[in-house]
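Okay, here's what each chain looks like letter by letter:
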Amino acid sequence: MTLKYSKLFRRDVVIPLVNELNLDFSYYGLITIGGQNFTVDYDTGSPDLWVPGIQCNSSQCGTHNKFDPAKSSTFVPSQKNFSLSYGTGTVISGYEGQDVVILNGISVTNLTFGIALVDGFNTIYEEDGILGLSRQIGQISNPGLIQKIKEKKVLNHTIIAFHLGRYKLKITDKSFMNLGGIDVNAYIGNIVYNDLINQTRHPGTWMISLHDIQVDGISIGGINSSALIDTAIIGDITQVSKIHAMIPGSYFNNNLWRVPCNTSKIVALVFNNTSYKISPTELIRSSNQSSALCLSAIQGGPYGVWVVGAAFLSNVYSVFDFDNLKIGFAESKVF
């Protein structure tokens, strides 16, 4: 299905992203809350916005930027606490408040966000917090930032689109997010759209049908799964085993798959009868200088659906359509 989107925004919203540690695995950008700047992971798998609070000590929040209510004349306190648990089992907890949130010049007033006093991510990631971009009803931010921007009607279309740079392929490759339109120079060919599925069982998620997985063009068979478009690539344990069985030299140990660091095998995911290749450089999650084996970007998990993230998304230009409830992919152009 082809959807027509304007190349020009009512507001020119192109948000630069940082490729964290140049690993092509996590990307983050800027946001302003109550006049204070923060870096946040733009997370399509969760709905809530949170950043560390000034009351959070260094052992819990490290050296991250911390929100100080006393420095904001627009902050509205809340008596409500929150506790969030992410798929990794990481817990974030604190209290809620409301303030003016600005995303690249677009201002939203009275947005509810979390002020973390316990930050389980503080030693793992460079960014300060997380900006949830799913359509789910959030525990904290309801409605979320993008839904509030949609209500303001300042964009031609309520869509977000990502070009995630591949440093491992070309060190100058750019990372950015488009808000309100698409960048026709960021991809090759046509964007193919997928309808969201399972919205009764998993309301508000960016979930679509995954029709097949191939290795060097050969199907592993038996794939007709749901796929949550999120951060890591985690799939059915049996299907993940089939993928690695087709990659010579793969090795399973301590519940993790490893592949030869020099593998040339190309894994592809098939959505809506369109195959999208994962570059061998992106199949490598991390390397070990003392071993010829590298951690694979594709691992098995207990979720019952595939979780498809940066190792795949860095190979495509991805469009998340809040208006038409679709996700689109096209082959990403390397800058």
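Residues numbered from 1 in each chain as written. Predicted model: local features only at pLDDT ≥ 70, side-chain atom pairs only at ≥ 80, totals over all residues. Heavy atoms only, no water.

### Comments concerning the confidence of the model for the chain
- When the pLDDT values of the chain are averaged, the result is 91; 95% of them are 70 or greater.
- Of all secondary-structure elements in the chain, the lowest mean pLDDT belongs to strand β22 (residues 284-286), at 81, while strand β27 (residues 326-332) reaches the highest, 98.
- Per-residue pLDDT stays below 50 along residues 4-10; that stretch engages in 25 contacts with residues further than four places along the chain or on separate chains. (pLDDT = per-residue confidence, 0-100. Helix = DSSP H or I, 4+ residues; strand = E, 2+ residues; numbered from the N terminus. Contact = heavy atoms within 4.5 Å.)

### Describing the side chain of Q214
- Structurally, the position occupied by Q214 is in strand β14 (residues 212-215).
- Leaving out residues up to four positions away in the same chain, Q214 has contacts with S219, I266, V267, A268, V270 and S275.

### Thoughts on the pattern of salt bridges
- Summed over the entire model, instances satisfying the criterion amount to three salt bridges.
- Between K150 and D323 there is a salt bridge, and its shortest N-O distance comes to 3.4 Å. Here D323 lies in the loop between β26 (316-321) and β27 and K150 lies in helix α2 (residues 145-152), a separation of 173 residues in the sequence.
- One salt bridge in this structure joins D195 and K326, with 2.1 Å as the shortest N-O distance. Of this pair, D195 sits in strand β12 (residues 187-195) while K326 sits in strand β27; the two residues are 131 residues apart in sequence, bridging distant segments of the chain.
- The exposure class of D195 is partly exposed, given its relative accessible area of 47%. (Salt bridge = Lys/Arg side-chain N within 4 Å of Asp/Glu carboxyl O. Buried < 20%, exposed > 50% of the residue type's maximum accessible area, 1.4 Å probe, protein only.)

### Examining the sheet that holds β14
- Here we have four strands laid out as an open sheet, ordered β15-β14-β20-β21, and antiparallel in their pairing. Because the sheet does not close on itself, it has two edges, and the strands there are β15 (218-219) and β21 (274-278).
- One ladder, built from two bridges, connects β14 with β15; its direction is antiparallel. Paired with Q214 across the bridge in β15 is S219. (Pairing = 2+ DSSP bridges.)

### A closer look at the packing of aromatic side chains
- This structure, assessed with the given rule, holds 18 aromatic pairs.
- Geometrically, the ring pair formed by F162 and F320 is edge-to-face, given 5.9 Å between the ring centres and 85° between the ring planes. Placement of F162 in strand β10 (residues 159-163) and of F320 in strand β26 is noted, with a sequence separation of 158 residues between them.
- For F162, a relative accessible area of 6% gives the class buried.
- Centroid distance F271 to Y276: 6.5 Å. Interplanar angle 45°. Geometry classified as tilted.
- Using a relative accessible area of 0% as the deciding quantity, one classes F271 as buried.
- In this structure, R135 packs its charged tip against the face of W206, placed 5.8 Å from the ring centre.
- The ring of F25 has R285 lying over it, and the distance from NZ or CZ to the ring centre is 3.4 Å. (Phe/Tyr/Trp six-rings, centres within 6.5 Å; stacked < 30°, edge-to-face > 60°. Lys NZ or Arg CZ within 6 Å of the ring centre and 35° of its normal.)

### Regarding the sheet that holds β27
- Strand order in the open sheet formed by six strands is β1-β11-β10-β26-β27-β12, and the pairing between neighbours is antiparallel. Every other strand in the sheet has two partners, leaving β1 (14-16) and β12 as the edge strands with one partner each. Along the sheet, successive strands turn relative to each other by an average axial angle of 20°, direction set aside.
- For β26 and β27, the ladder comprises six bridges, and the chain directions are antiparallel. Bridge pairing links V319 to G328 in β27. (Axes fitted to C-alpha atoms, helices over the stretch in contact; angles between N-to-C directions.)

### Overview of the environment of L196
- Looking at the element boundaries, L196 is found in the loop between β12 and β13 (207-210).
- Taking relative accessible area as the criterion, L196 reaches 13% and is therefore assigned buried.
- Not counting chain neighbours up to four residues away, the residues in contact with L196 comprise R135, T205, W206, M207, I208, L325, K326 and I327.

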